[in-house]
Amino acid sequence: MLKKLLLAVVVVLAVFAVFVATRPSSYRVSRSQTIAAAPTSVYSFVADFHQWEKWSPWAKLDPAMKTTYAGPVGAPGSSYEWSGNDKVGEGRMTIVEAKPGERLGVRLEFLKPFAATSSSEFEFVPKAGATQITWTMVGHNELMAKAFSVFMDMDKMIGNDFDKGLSQLKAVAEAEAKAPAAAAAR
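An account of the accompanying structure is given in this report.

The rules behind these values
Residues numbered from 1 in each chain as written. Predicted model: local features only at pLDDT ≥ 70, side-chain atom pairs only at ≥ 80, totals over all residues. Heavy atoms only, no water. Helix = DSSP H or I, 4+ residues; strand = E, 2+ residues; numbered from the N terminus. Contact = heavy atoms within 4.5 Å. Areas by Shrake-Rupley, 256 points an atom, 1.4 Å probe, with all protein chains shown as cover. Pairing = 2+ DSSP bridges. Buried < 20%, exposed > 50% of the residue type's maximum accessible area, 1.4 Å probe, protein only. Core = buried A, V, L, I, M, F, W, Y, C linked by side-chain atoms within 4.5 Å. Phe/Tyr/Trp six-rings, centres within 6.5 Å; stacked < 30°, edge-to-face > 60°.

With respect to the overall build of the chain
At step 1: Looking only at helices and strands, the chain features four helices and seven strands.
At step 2: Scanning the chain from its N terminus toward the C terminus, one meets helices and strands in the order α-β-α-β-β-β-β-β-β-α-α.
At step 3: Sequence separation of at least 24 residues holds for 51% of the intrachain contacts in the chain that already meet a minimum separation of 6.
At step 4: Of the roughly 11,000 Å² of accessible surface on the chain, a fraction of 63% belongs to carbon and sulfur atoms.

What follows is the structure in C-alpha cells.
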C-alpha cells in the first residue's frame, strides 16, 4: 500500500514538473492610459524617481520604507533603491534608456522577497492634445517562476497595480497641467 502511494506521489510530481516545464519562459504585462498633459510633462513624473512618491502604486504601502537615489536625475544610470515591509520588499530601479517625452527604459531588480530581474518601459505618444502612456514590464521565467505562474498570473497580479499607478499619474500630471491655467485666470 505504501509503495503504491509513493509511486502515485512520484507520478503526480513528475507530471507536474513536465507541466511546469511547458509554461512560458517569459512574461509581459502592459497597460495604457491617456493623460491630458504634454508628453514632456508626463515624462518628467516618470523619469525623475523622486516624483514616484506622488503616483507609484507601491509608494504608500509602507510609510517607513527607506529609499536612496543616485545618479543624474532622469538620465541613464540614475537609480532608485528601496527597502521596506513585505508589501514592497527590497530592490532597485536603474534608468537604462532616456528619450525625453518619448521613451524611458528601466532595469528593475527585486532582491526581496525573491530575486528577479525585469525590464520596464514607458512610452509617451502625443494624442490629440494629450499623452498616451504605455507602461510595460517584461521578464524571464526561471523554473520557480514557471511553477509560480501555474497558480498566479503575472498580468493579473501586476496589471492592477499598473492600472492604479497610471490613474494616479494621470491625476497628478493633469492637476499640474491645469495649475498654470488656473493661476492665469485669477
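What to know about the pairing of strand β4 (residues 90-99)
At step 1: Two strands pair when backbone bridges link them, and strand β3 (residues 79-83) and β4 are joined in this way by five bridges, in the antiparallel orientation. Opposite Ser 83, over in β4, you have Glu 90 as the bridge partner.
At step 2: Where β3 hands over to β4, the hairpin turn is made up of six residues, of which Gly 89 adopts a positive phi near 65°.
At step 3: In the sheet, β4 pairs with strand β5 (residues 103-112) via nine bridges, with the strands oriented antiparallel. Within the sheet, the bridge partner assigned to Gly 91 lies in β5 and is Phe 110.

What about helix α2 (residues 39-47)?
At step 1: Of all nine residues in α2, seven are buried; the element is thus mostly enclosed.
At step 2: What α2 keeps buried is the set Pro 39, Ser 41, Val 42, Tyr 43, Phe 45, Val 46 and Ala 47.

Comments concerning the nonpolar core
At step 1: Core analysis: the biggest nonpolar cluster contains 31 residues, and Val 46, Leu 104, Phe 122, Ile 133 and Leu 169 have the highest contact counts within it.
At step 2: Elements with a minimum of two residues in this core: β1 (26-35), α2, β3, β4, β5, β6 (116-127), β7 (130-140) and α4 (154-185).
At step 3: If we ignore the near neighbours within four places in the chain, the residues touching Phe 122 are Val 46, Trp 52, Trp 55, Glu 102, Arg 103, Leu 104, Val 106, Ile 133, Thr 134 and Trp 135.

As for the packing of aromatic side chains
At step 1: Evaluated as defined, the whole model comprises 14 aromatic pairs.
At step 2: On the basis of an interplanar angle of 70° and a centroid distance of 5.2 Å, the ring pair of Tyr 43 and Phe 124 is categorised as edge-to-face. Highlighted residues: Tyr 43 in helix α2 and Phe 124 in strand β6, separated in sequence by 81 residues. The same class applies to Tyr 43 and to Phe 124, which are both buried.
At step 3: An aromatic cluster of at least three residues, connected via ring pairs, comprises Phe 49, Trp 52, Trp 55, Trp 58, Tyr 69, Tyr 80, Trp 82, Phe 110, Phe 122, Trp 135 and Phe 162.

Some details on the environment of Thr 40
At step 1: Along the polypeptide, Thr 40 turns up in helix α2.
At step 2: The spacing of Thr 40 and Thr 131 is 91 residues in sequence and 9.1 Å in space, taken between C-alpha atoms.

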